[in-house]
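The lines below spell out each chain.
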Amino acid sequence: MTLLNETARGVYVIAVTPFTENGGLDLDSADRMVEFYLEKGATGLTLLGMMGEAPKLTTDESRILVRRVLARTAGRVPIVVGVSGPGLAAMDELTRAVMDDGAAGVMVAPPGTLRTDDQIVSYYDMVAEAVGAATPLVLQDFPLSTGVQITPAVISKIVGRLPNVVMLKHEDWPGLAKLTAIRAASDKGTVRRISILVGNGGVFLPEELTRGADGAMTGFAYPEMMVDVWRAHTAGDVERAHDLFDAHLPLARYEQQPGPGLAIRKYILAKRGAIASPALRKPGAALSAADIVDVERLISRQTRRLKEIG
């Protein structure tokens with residue numbers, strides 16, 4: 001497997017973790033899911049992300065899932081693995097295991113205990129040491145979830161100190177000004193240019209691409225939206241990128257709800273045949289009959305609008 005580097009671009013889909021109805025890992029669905037994502041144009045995949053129910057997995061299950069997905073992809077696309085956790089020892093152990101199995105890099109979000117800029121920088125110094133200098137590292141900046149605010153200056157400082165930080169997963173919200181500032185710093189040559197892939201379900205993707213993002217690292221039940229928007233924008237057809245995005249936006253917005261969002265995503269993925277069951281491992285949200293009516297209406301409207309766009 002080729003290691004992740006600063007030139008990474010495109011769409012790295014945050015993969016769901018398929019479960020059976022009784023809560024066990026569904027590895028056959030993991031195979032189906034890989035083929036689904038690749039068929040829709042994914043440039044890479046990210047496992048054990050926050051929307052992959054990683055905290056609900058045991059260490060052994062995490063390793064089993066990653067090994068199965070790596071075997072199925074067979075080097076066709078790079079795989080990034082989330083290894084965030086409260087302790088560096090466990091992070092080191094999981095990182096070594098997945099990198100030995102063929103992962104392209106690992107992703108780490110800061111723990112919510114960090115309060116100062118110095119603490120954030122020091123933490124990533126320790127993370128880089130724990131995962132090893134040869135392991136490509138993705139810095140996940142998701143303050144809405146972690147509660148940790150990382151300024152552009154701190155990100156630049158970390159990038160300057162740690163050569164193995166090759167990517168920023170940018171999902172601050174609102175974050176367009178932050179993205180602009182980070183790109184301006186690299187354009188001026190005051191900091192090394194790294195890859196920036198954006199999150200938040202892609203709900204700001206066209207604007208983020210215009211501000212300098214290299215693509216997306218997030219999930220959506222229609223990953224081809226992110227792929228098609230990225231391709232159109234990269235080809236210079238910004239208006240078509242916005243048209244495609246607009247057609248999907250109502251459903252993307254609905255899926256971004258805190259709480260039921262992942263249940264909505266899994267419901268649609270199961271409906272599309274990507275996974276056998278929409279089950280979340282407990283504790284997890286369940287959709288009501290009214291929720292499903294909403295989703296079906298949004299899918300119908302989205303399908304009709306995409307036909308109109310052509």
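Let me sum up the structure you'll find in this document. Here the structure is a predicted model, which is why all the values come from computation and not from measurement. (Residues numbered from 1 in each chain as written. Predicted model: local features only at pLDDT ≥ 70, side-chain atom pairs only at ≥ 80, totals over all residues. Heavy atoms only, no water.)

**As for the pattern of salt bridges**
Tallying each qualifying case throughout the model produces 23 salt bridges. With a closest N to O distance of 3.2 Å, E296 and K271 form a salt bridge. Remark: K271 occurs in helix 11 (residues 261-271) and E296 occurs in helix 12 (residues 289-309); sequence separation between them is 25 residues. (Salt bridge = Lys/Arg side-chain N within 4 Å of Asp/Glu carboxyl O. Helix = DSSP H or I, 4+ residues; strand = E, 2+ residues; numbered from the N terminus.)

**Focus: empty space enclosed by the protein**
Rolled over the atoms, a probe with the dimensions of a water molecule shows which regions are left empty. Per the counting criterion, the structure on display carries 1 cavity of 30 Å³ or more. Lining the largest cavity are I155, S156, V159, I182, R183, S186, V191, R192, R193 and I194. Of all the elements in the fold, those that place two or more residues in the lining of the largest cavity are helix 6 (152-161) and helix 7 (176-187). Broken down by class, the residue content of the lining of the largest cavity amounts to 5 nonpolar, 2 polar and 3 charged. (1 Å grid on protein atoms, 1.4 Å probe; cavity = no way out; pocket = protein on both sides within 12 Å on 5 of 7 lines; lining within 4 Å. Points joined across faces, edges and corners; volume = space filled by probe spheres on them. Nonpolar A, V, L, I, M, F, W, Y, C, P; charged D, E, K, R; others polar.)

**Focus on the packing of helix 11 against helix 12**
Direction vectors running N to C along helix 11 and helix 12 enclose 60°, while the axes themselves pass 11 Å from each other. Comparing the axis directions of helix 11 and helix 12 gives the class oblique. The hand of the helix 11/helix 12 crossing is right-handed. Packed against helix 11, whose contacting residues are I264, Y267, I268 and K271, the element helix 12 presents I292, V295, E296 and I299 at the interface. Looking at side-chain class alone, the contact of helix 11 with helix 12 contains 6 nonpolar, no polar and 2 charged residues. (Axes fitted to C-alpha atoms, helices over the stretch in contact; angles between N-to-C directions. Parallel < 35°, antiparallel > 145°, perpendicular 65-115°, else oblique. Left-handed = near helix turned anticlockwise from the far one by under 90°. Contact = heavy atoms within 4.5 Å.)

**Here's the deal with the pairing of strand 3 (residues 79-82)**
On strand 3, burial covers both faces: I79 and V81 on one face and V80 and G82 on the other are all buried. In this sheet, strand 3 lies alongside strand 2 (residues 44-47) in parallel orientation, the contact comprising 3 bridges. Looking across to strand 3, one finds that T46 is bridged to V80. The parallel pair strand 2 and strand 3, bridged by helix 2 (residues 59-73), forms a crossover whose chirality is right-handed. As paired strands, strand 3 and strand 4 (residues 105-108) are joined by 3 bridges and run parallel to one another. Following the sheet pairing, G82 is matched in strand 4 by M107. After leaving strand 3, the chain enters helix 3 (residues 88-101) and then returns to the sheet as strand 4, a path that is right-handed. (Buried < 20%, exposed > 50% of the residue type's maximum accessible area, 1.4 Å probe, protein only. Pairing = 2+ DSSP bridges. Right-handed = clockwise from strand over helix to strand, strands pointing away.)

**Remarks on the nonpolar core**
Core analysis: the biggest nonpolar cluster contains 93 residues, and Y37, L45, L48, Y124, I158 and I268 have the highest contact counts within it. For Y124, the contacting residues outside a window of four places in its chain are V108, A109, P110, L139, Q140, I158 and L162. In this structure, L4, M107, V138 and M167 belong to the second largest nonpolar core, which totals 12 residues. (Core = buried A, V, L, I, M, F, W, Y, C linked by side-chain atoms within 4.5 Å.)

**Quick notes on a negative patch on the surface**
Together, E207, D237, E239, D243 and D246 make up a negatively charged patch on the protein surface. Structurally, D237 can be placed in the loop between helix 9 (223-234) and helix 10 (238-255). (Patch = residues over 30% accessible without salt bridge, like charges linked within 9 Å, V, L, I, M, F, W, Y side chains within 5 Å. Areas by Shrake-Rupley, 256 points an atom, 1.4 Å probe, with all protein chains shown as cover. Lys, Arg positive; Asp, Glu negative; His and termini not counted. Charge placed at Lys NZ, Arg CZ, Asp CG, Glu CD.)

**Focus on the layout of surface pockets**
Each pocket or cavity is described by its volume, and for the largest pocket that value is around 1,200 Å³. If you go around the largest pocket, you meet 47 residues; those closest to its centre are G49, M50, M51, P55 and S145. Counting residues per element, the ones that place at least two in the lining of the largest pocket are helix 2, helix 3, helix 5 (143-146) and helix 11. Element by element, the count of residues in the lining of the largest pocket is highest for helix 3, at 4 residues. Within the lining of the largest pocket, the residues separate by chemical class into 21 nonpolar, 19 polar and 7 charged.

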